[in-house]
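This is what each chain is made of:
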Amino acid sequence: MRGFFRRWYGAWRRTRLGTRITLGLGALALVVFAAVGVTTVGIMHGYLDRRLDEQLSKSQNTQVPTLRETHGSPQSVYSWYSALYSVRDGVATPEPGGMLPGDGKQLAKIAADAVGGDVTRDIYLYDDGPYRVRACPVDTDSVLLSAAPQGDLNGTVRQLVWVEVGAFALALAVLVVVGRLVLRRGLRPLADMAGTAHDIAAHDLTANPDLPVRASGSGGGVEVEELRTAFNVMLAHIDTSLAARTEANERLRRFVADASHELRTPLTSIRGYADLFRYAAANEPAEREAHLSKIREETARMTVLVDDLLLLARLDARAAETPLRPERTDLAELAGDAADAFAAGRPDHPVTTSLDPALVDADPVRLRQVLDNLLANAAVHTPPGTAVHVAVAVEGAGAVARVTDAGPGIAPADQERIFDRFFRVDDSRTRSGGGTGLGLSVVQSLVTAHGGTVSVESAPGRTTFTVRLPLARS
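Residues numbered from 1 in each chain as written. Predicted model: local features only at pLDDT ≥ 70, side-chain atom pairs only at ≥ 80, totals over all residues. Heavy atoms only, no water.

**Some thoughts on the packing of aromatic side chains**
Selection rule: Aromatic rings from Phe, Tyr and Trp, taking only the six-membered ring of Trp, are treated as a pair when their centres fall within 6.5 Å; an angle between ring planes under 30 degrees marks them as stacked, one over 60 as edge-to-face, and anything in between as tilted. Helix and strand assignments follow DSSP, with helices taken as H or I runs no shorter than four residues and strands as E runs no shorter than two, numbered in order from the N terminus. We call a residue buried when its accessible area falls under 20% of the maximum for its residue type, exposed when it is over 50%, and partly exposed in between, using a 1.4 Å probe and counting protein chains only.
The full count for this structure, using the stated rule, is three aromatic pairs. Ring geometry for Y81 and Y131: centres 5.8 Å apart, planes at 55°, overall tilted. Highlighted residues: Y81 in strand β1 (residues 81–88) and Y131 in strand β4 (residues 129–139), separated in sequence by 50 residues. With a relative accessible area of 4%, Y131 lands in the buried category.

**Observations regarding the pattern of salt bridges**
Test applied: The working definition used for a salt bridge is a side-chain nitrogen of Lys or Arg within 4 Å of a carboxyl oxygen of Asp or Glu.
This model, assessed by the stated rule, comprises 11 salt bridges. R51 is the salt-bridge partner of E54, the closest N and O atoms lying 3.7 Å from each other. On the criterion of helical spacing, the pair formed by E54 and R51 is a turn pair, its members being three residues apart in helix α2 (residues 17–70). Through salt bridges that share partners, D53, D122 and R132 make up one connected network.

**Concerning unusual backbone geometry**
The phi angle at D89 is positive, at roughly 55°, despite the residue not being glycine. With respect to the element layout, D89 can be found in the loop between β1 and β2 (91–94).

**Things to note about the sheet that holds β1**
Note the threshold: Between any two strands, pairing holds if DSSP finds at least two bridges. To get an axis, fit a line to the C-alpha atoms, keeping to the stretch in contact for a helix; angles then go from 0 to 180 degrees between the N-to-C directions. Residues are treated as being in contact if the distance between any of their heavy atoms lies within 4.5 Å.
The five strands are arranged β2-β1-β5-β4-β3 in an open sheet whose pairing can be described as antiparallel. Where the open sheet ends on each side, the last strands, each with one partner, are β2 and β3 (119–125). Across this sheet, the average inter-strand angle for adjacent strands is 35°, counted without regard to direction. Pairing analysis gives seven bridges linking β3 to β4, with the strands arranged antiparallel. Following the sheet pairing, D122 is matched in β4 by R132. Sheet contacts for helix α3 (residues 104–113): β1, β2, β3, β4 and β5 (142–149); angle to β3, the most-contacted strand, approximately 170°.

**Concerning the sheet that holds strand β10 (residues 398–405)**
Pairing in this open sheet of five strands is mixed, and the strands run β7-β9-β10-β12-β11 from one edge to the other. Strand pairing shows two members of the sheet lacking a second neighbour, β7 (351–355) and β11 (453–459), which therefore form its edges. Each neighbouring strand pair of the sheet contributes to a mean axis angle of 15°, computed without reference to strand direction. Two strands pair when backbone bridges link them, and β10 and strand β12 (residues 462–470) are joined in this way by eight bridges, in the antiparallel orientation. Bridging from a neighbouring strand, A401 pairs with V467 of β12.

**Here's the deal with a nonpolar patch on the surface**
Test applied: Distance thresholds for patches are 9 Å for like charges and 5 Å for nonpolar side chains (Val, Leu, Ile, Met, Phe, Trp, Tyr), applied to residues having over 30% relative accessible area and no salt bridge. All accessibility values rest on the Shrake-Rupley procedure with a 1.4 Å probe; residue burial counts only the protein chains present in the view.
A surface patch of nonpolar side chains, about 550 Å² in accessible area, is lined by L170, V174, V177, V178, L181 and V182. Mapping V177 onto the fold places it in helix α4 (residues 151–186).

**Quick word on helix α11 (residues 439–449)**
Of the positions making up α11, those classed as buried are L440, S441, V442, V443, S445, L446 and V447. Just downstream of α11, G451 is the residue with a positive phi angle, here 80°.

And the structure:
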């Protein structure tokens, strides 16, 4: 039995939602129809019984006064059975002239019980069927008994039952058929969304991450419309996430390729100068020193590149051991030190400053690295003699540092990618100039890690990099 129930329940769960709802509504309607039918039949049966009792009572009450005087034969109305019983010592005996059905024992007992008052009972006579019997006392030793057959009444009730069964069966069939059609139409938007989901499942996201399919159509009610909207929003988010992942993978691929290329260049140079040093070991010391100097330069260049890559990786990973050690710092003081170092190291680029105190909670070492990278970028990518200006001010709730140069500017198309890793604007950004294409990427990552933003504005004759940081909390 348990196995049968388990199989039945499994088959029920595999049934389509529309069919289950239709069957559920049909079962509910069947229960309601049964309750209504039983109530209606009961009410009708009770009403007919009361009407029959009233008729029996009325016919007897009209005969009792006459029978008390004459003790004659009672009248039989509506083809009922009527008889006058005399009761002696609890035994009822029918008097001549009455009409009684076949089984007199049950009727005699009812007559004997009616000496003390009116009695109404239902009996079943094997030869004649069911009867409604009413007995009432005429005087102290006689009782009038009337028996009305209930065959017609029960036939009327049975006919009512069959009419109700037929009507309810027809109504149930119409409800199931029409309800199934209505549900199929109402659930069509859900079926369309299921078809959309199957289309997505059949879509090869590895070859093409775009999701052009969406749940279309209208109707179905407020709930279905909300589900359709949520479904499309979810697909849009998935589409955006897949596009972002594809773009990230592509950027990672380019990053790995560029990093490998950048690292291979100094390694190739180091190996070449090492070979030259070995072959020139017996030559003059000045030649050996020149080769060693080149090896040191390429090693230093590779060290800077590796340090920048490591810093970017740690900032991207947001590791538990963050590379930042924030403390209360005056941004103007850091900018002044960076400008002094720039003036000493780049005497061919005149630098001016405009510094207002601006306290921030930041890592002074990393913030100085941001300023040094921006100044180095201005020197590397502008011709000698180009003026550079460093400014620090408080604007609103933030500290703002600007590094401006009077160079040739950056093309609008290049400004969108200026902070991409290993991106170079023009031919001036070459390895001979010392640029790795990571300086501005490091700037953006460090500023973002401090909760700030960095932006660029450029036109021929003026390029400004703006760093905005939140002020220190008082």
